[in-house]
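A look at the structure
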Amino acid sequence: MEDKLTQAVEDYLKAIYELSQTEGRASTSKLAEYLEVTPASVTGMIKKLASANPPLVDYQKHRGVVLTEAGMNEALETLRHHRLLELFLHDILGYPWDEVHEEAERLEHVISEKFEERIAAVLGNPKHDPHGDPIPRLDLSMPASAETRLSDLGKGDSGTIKRVRDTDADLLRHLSDLGVTPETQVKVVDYSDYDKNTHLKIKNQDEVVVLGQNITEQIYVEA
């Protein structure tokens, strides 16, 4: 698109992309919850995005919304800014992984394409951010990433943690304290059908870590 999109539009497109990875078509209620706005605000913005030239979303009442090709390109461009910034903040400026998301949210809308290219070059054109999420390439294609959730592993299964959802800073701090971070090797030593708790043995640690399903569903592994 020729005109620079507003920050609000970029936030909506990125949110629709993120939700579509697990929800398919993103519902109005899910978007409202994700963006912490009212459903009425979501409906108004979606109609605006659908009537853009070219349309950025395909919206069907009661069926939710999905990105068009133009909307997908804009969402991935913003996501590339965001995840490159997260890695830059973490690797170059020394931010802990639980603080980079909020900083990148503020910066992703204002950096130029030239600045983005410089960051990518300094970082060696990386494929993943500090949380293990894939960084869209310059052509906006997406590197492969782990899709198996830790919650999918059963007793006796082993795997390597590859990525963790980055929207909950408290969770990231908790996992960091436990040693549950990307590239950590883990083994499920027990699982409780009653409370859905997973008991993990972490490589080079003696103590077994117990994680609930609300946490294991946010961790992705390479089994």
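Residues numbered from 1 in each chain as written. Predicted model: local features only at pLDDT ≥ 70, side-chain atom pairs only at ≥ 80, totals over all residues. Heavy atoms only, no water.

Examining the overall build of the chain
Within the chain, the secondary structure is distributed over eight helices and eight strands. If you line up the chain on its principal axes, its C-alpha atoms span 55 × 45 × 25 Å. Sorting the 223 residues of the chain into buried and exposed places 42% on the buried side. Sequence-distant contacts, at least 24 apart, represent 59% of the contacts inside the chain between residues at least 6 apart. As displayed, the chain offers around 11900 Å² of accessible surface, 46% of which is attributable to carbon and sulfur atoms. In the chain, the 25 positive side-chain charges and the 41 negative ones have mean positions that sit 3 Å from each other. (Helix = DSSP H or I, 4+ residues; strand = E, 2+ residues; numbered from the N terminus. Buried < 20%, exposed > 50% of the residue type's maximum accessible area, 1.4 Å probe, protein only. Contact = heavy atoms within 4.5 Å. Areas by Shrake-Rupley, 256 points an atom, 1.4 Å probe, with all protein chains shown as cover. Lys, Arg positive; Asp, Glu negative; His and termini not counted. Charge placed at Lys NZ, Arg CZ, Asp CG, Glu CD.)

Describing the confidence of the model for the chain
Confidence in the prediction of the chain, expressed as mean pLDDT, is 93, and 99% of residues score 70 or more. No element of the chain has a lower mean pLDDT than helix 1 (residues 7–23), which averages 92, and none a higher one than helix 4 (residues 69–91), which averages 97. (pLDDT = per-residue confidence, 0-100.)

Describing the pairing of strand 1 (residues 57–60)
Examined bridge by bridge, strand 1 and strand 2 (residues 64–67) share four bridges and lie antiparallel to one another. If you follow Q60 over to strand 2, its bridge partner there is G64. Linking strand 1 to strand 2, which pair antiparallel, is a turn of three residues; within it H62 sits at a positive phi near 70°. (Pairing = 2+ DSSP bridges.)

Observations regarding the packing of aromatic side chains
The relation between two aromatic rings is expressed through the spacing of the ring centres and the mutual angle of the planes. Under the criterion given, the structure shown has zero aromatic pairs. Taking NZ or CZ as reference, R163 lies 3.9 Å from the ring centre of Y220, over its face. (Phe/Tyr/Trp six-rings, centres within 6.5 Å; stacked < 30°, edge-to-face > 60°. Lys NZ or Arg CZ within 6 Å of the ring centre and 35° of its normal.)

Describing the nonpolar core
L13, I16, L31, L49 and V57 are the most contacted members of the largest nonpolar core, which totals 23 residues. Residues within four places of L31 in sequence aside, it is in contact with A15, I16, L19, A26, V42, I46 and V65. Counting residues in hydrophobic clusters, the runner-up holds 18 residues, among them V186, V209, L211 and I215. (Core = buried A, V, L, I, M, F, W, Y, C linked by side-chain atoms within 4.5 Å.)

Quick notes on helix 3 (residues 39–50)
For helix 3, built from 12 residues, the straight-helix expectation of 16 Å at 1.5 Å per residue is met to within 8% by its first-to-last C-alpha distance of 16 Å. Turning to helix 3, its buried residues are V42, M45, I46 and L49. Seen from one end, helix 3 has its buried residues packed into an arc of 105°, which puts them on one side. Among the exposed residues of helix 3, those pointing more than 90 degrees away from its buried face are A40 and K47. (Expected span 1.5 Å × (residues − 1). Arc of directions from axis to C-beta.)

Looking at the environment of H199
Here H199 is to be found in strand 6 (residues 198–202). The sequence separation of H199 and H82 amounts to 117 residues, and the corresponding C-alpha distance is 33 Å. Ignoring sequence-local partners within four residues, the contact set of H199 consists of K187, V188, V189, D190, Y191, V208, V209 and V210.

A word on the packing of helix 1 against helix 4
Running from N to C, helix 1 and helix 4 cross one another at 95°; their axes reach a closest spacing of 8 Å. Here helix 1 is positioned roughly perpendicular relative to helix 4, judged by the angle of their axes. In contact with E10, L13, K14, Y17 and E18 of helix 1, helix 4 contributes G71, M72, E74, A75, L76, T78, L79, H82 and R83. Each residue belonging to the contact of helix 1 with helix 4 can be placed in one class, and the counts come to six nonpolar, three polar and five charged. (Axes fitted to C-alpha atoms, helices over the stretch in contact; angles between N-to-C directions. Parallel < 35°, antiparallel > 145°, perpendicular 65-115°, else oblique. Nonpolar A, V, L, I, M, F, W, Y, C, P; charged D, E, K, R; others polar.)

A look at the sheet that holds strand 7 (residues 208–211)
The six strands lie next to each other as 3-8-4-5-6-7, forming an open sheet whose pairing is antiparallel. Looking at strand neighbours, the two that pair on one side only are strand 3 (148–149) and strand 7, the edges of this open sheet. Examined bridge by bridge, strand 3 and strand 8 (residues 219–222) share two bridges and lie antiparallel to one another. Paired with T148 across the strands is V221, a residue of strand 8.

Observations regarding the layout of surface pockets
In this structure, the largest pocket spans a volume of roughly 820 Å³. Lining the largest pocket are 33 residues, with E18, Y34, H101, D166 and T167 sitting closest to its centre. When residues of the lining of the largest pocket are traced back to their parent elements, those giving at least two are helix 1, helix 2 (28–35), helix 4 and helix 5 (100–107). If one sorts the elements of the lining of the largest pocket by residue count, helix 1 sits on top with nine residues. Each of domain 1 (7–67) and domain 2 (148–222) gives at least three residues to the lining of the largest pocket. Empty space within the second largest pocket amounts to approximately 370 Å³. Lining the second largest pocket are 14 residues, and of these L19, E23, E33, Y34 and R165 sit closest to its centre. Only helix 1 and helix 2 provide two or more residues apiece to the lining of the second largest pocket. Top contributing element to the lining of the second largest pocket by residue count: helix 1, with four residues. (1 Å grid on protein atoms, 1.4 Å probe; cavity = no way out; pocket = protein on both sides within 12 Å on 5 of 7 lines; lining within 4 Å. Points joined across faces, edges and corners; volume = space filled by probe spheres on them. Domains from an automatic or database assignment.)

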